[in-house]
Amino acid sequence: MKKVVISILLVNLLAACASNKPAEPVAEQPAAPVATTPVVTPPAATTSVDPLNDPASILAKRSVYYPLDVDTVQDADKPAVQAHAKYLSEHADRKVRLEGNCDERGSNEYNLALGQRRADGVKKMLELGGAKAAQLESVSYGEEKPKGSDHNEASWSQNRRTDLNYAK
C-alpha cells in the first residue's frame, strides 16, 4: 500500500509541475526604421502580341458562312470582316487570300462561280473597311475543299463559306 501512496504522490507532483503558468508579457520591439529613399521599379517589358494570333480576338474568326445559294455576307459575320479590314488597314505589310467555298450541291461550274462571288464580296467589304486591293487575293475552290464530309445539312452549312488565309 505504501507503494500505491507514493505512486499517487509522484503522479500529483508531476501533474503540478506540468500546469500552465500565465505567460509573461513580451515587450514590444521597436518598429524597423522606414526607408526614406523611394523604391524605383523598372518599367514592365512590353511585348506586343499580334492580335491576329490572339485566340480571344475577333480576328481569330477566319471563316464567313452563308445560307444556300447566297453570296452576301450575313449580319452575324459583318463585325469579324470589319475587324479584319481594320487590321489590314493598320498592317499594310499583311496579305490575305479569300477562298470561296460551296457545298456539293450544284454543278462544278455553278459552285466555282458562287465561290468566287462569295470571296469577292468579302474582298469588297475589306476594301470598304480600309484594306488595300494589293493586300487581297480572292479565289474560288467551289466544292473542292469541304470542311464537313457528310452529305447532310450540318456538313453543307460548314462548306458554304469564305476562308481568310493570311500569308505567313
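Caption draft 1: How the structure looks around the overall build of the protein chain. For the protein chain, the count of helices and strands is four helices and four strands. Ordered by position in the sequence, the α and β elements of the protein chain form the string α-β-α-β-α-β-α-β. Buried residues in the protein chain amount to 29% of all 168 residues. Counting contacts in the protein chain only where the partners sit at least 6 residues apart, residues at least 24 apart contribute 72% of the total. When the accessible surface of the protein chain is totalled, it reaches about 11,800 Å², and 60% of it is carbon and sulfur.

Caption draft 2: Inspection of unusual backbone geometry at higher detail. Positive phi, normally seen in glycine, also occurs at aspartate 69, with a value near 60 degrees. Mapping aspartate 69 onto the fold places it in the loop between β1 (63-65) and α2 (78-90).

Caption draft 3: A look at the packing of α2 against helix α3 (residues 108-128). It is at 8 Å that the axes of α2 and α3 come closest, and there the two elements cross at 55 degrees. As far as their axial angle goes, α3 and α2 are oblique. In terms of crossing hand, the pair formed by α2 and α3 is right-handed. Mapping the contact onto sequence places Lys78, Val81, Gln82, His84, Ala85 and Leu88 in α2 and Val122, Met125 and Leu126 in α3.

Caption draft 4: Here's a closer look at the nonpolar core. Ranked by size, the top nonpolar core spans 19 residues in total, and within it Val64, Leu88, Val96, Leu98, Val122 and Leu126 carry the most contacts. At the level of elements, α2, β2 (96-101), α3 and β4 (161-166) are the ones that each hand at least two residues to this core. Broken down by element, this core gets its largest block of residues, five residues, from α2. With near-sequence residues (within four places) excluded, leucine 88 lies in contact with Arg94, Val96, Leu126, Ala131, Gln135, Leu136 and Tyr166.

Caption draft 5: Summary view of the pairing of strand β3 (residues 136-142). Within β3, six of the seven residues are buried, which leaves it mostly tucked inside the rest of the structure. In this structure, β2 lies alongside β3, joined through six bridges in parallel fashion. Bridge pairing links leucine 98 to serine 138 in β3. The parallel pair β2 and β3, bridged by α3, forms a crossover whose chirality is right-handed.

Caption draft 6: Looking closely at the pattern of salt bridges. Following the criterion strictly, the structure yields eleven salt bridges and no others. Notably, a salt bridge pairs aspartate 71 with arginine 117, separated by 2.8 Å at the nearest N-O pair. In this pair, aspartate 71 sits in the loop between β1 and α2 while arginine 117 sits in helix α3, placing the two residues 46 residues apart along the sequence. Taking the relative accessible area as the measure of exposure, aspartate 71 reaches 27% and is therefore partly exposed. On the accessibility criterion, arginine 117 (35% relative accessible area) is partly exposed. Put simply, glutamate 153 and arginine 105 hold a salt bridge, and the shortest N to O gap is 3.6 Å. Of this pair, glutamate 153 sits in helix α4 (residues 153-159) while arginine 105 sits in the loop between β2 and α3, and the two are 48 residues apart along the sequence. According to the relative accessible area criterion, glutamate 153 is partly exposed, its value standing at 42%. The partly exposed category is assigned to arginine 105, whose relative accessible area is 30%. What emerges from the salt-bridge pattern is a single network uniting Asp103, Arg105, Glu153 and Arg160.

Calculation rules
- Residues numbered from 1 in each chain as written.
- Predicted model: local features only at pLDDT ≥ 70, side-chain atom pairs only at ≥ 80, totals over all residues.
- Heavy atoms only, no water.
- Helix = DSSP H or I, 4+ residues; strand = E, 2+ residues; numbered from the N terminus.
- Buried < 20%, exposed > 50% of the residue type's maximum accessible area, 1.4 Å probe, protein only.
- Contact = heavy atoms within 4.5 Å.
- Areas by Shrake-Rupley, 256 points an atom, 1.4 Å probe, with all protein chains shown as cover.
- Axes fitted to C-alpha atoms, helices over the stretch in contact; angles between N-to-C directions.
- Parallel < 35°, antiparallel > 145°, perpendicular 65-115°, else oblique.
- Left-handed = near helix turned anticlockwise from the far one by under 90°.
- Core = buried A, V, L, I, M, F, W, Y, C linked by side-chain atoms within 4.5 Å.
- Pairing = 2+ DSSP bridges.
- Right-handed = clockwise from strand over helix to strand, strands pointing away.
- Salt bridge = Lys/Arg side-chain N within 4 Å of Asp/Glu carboxyl O.

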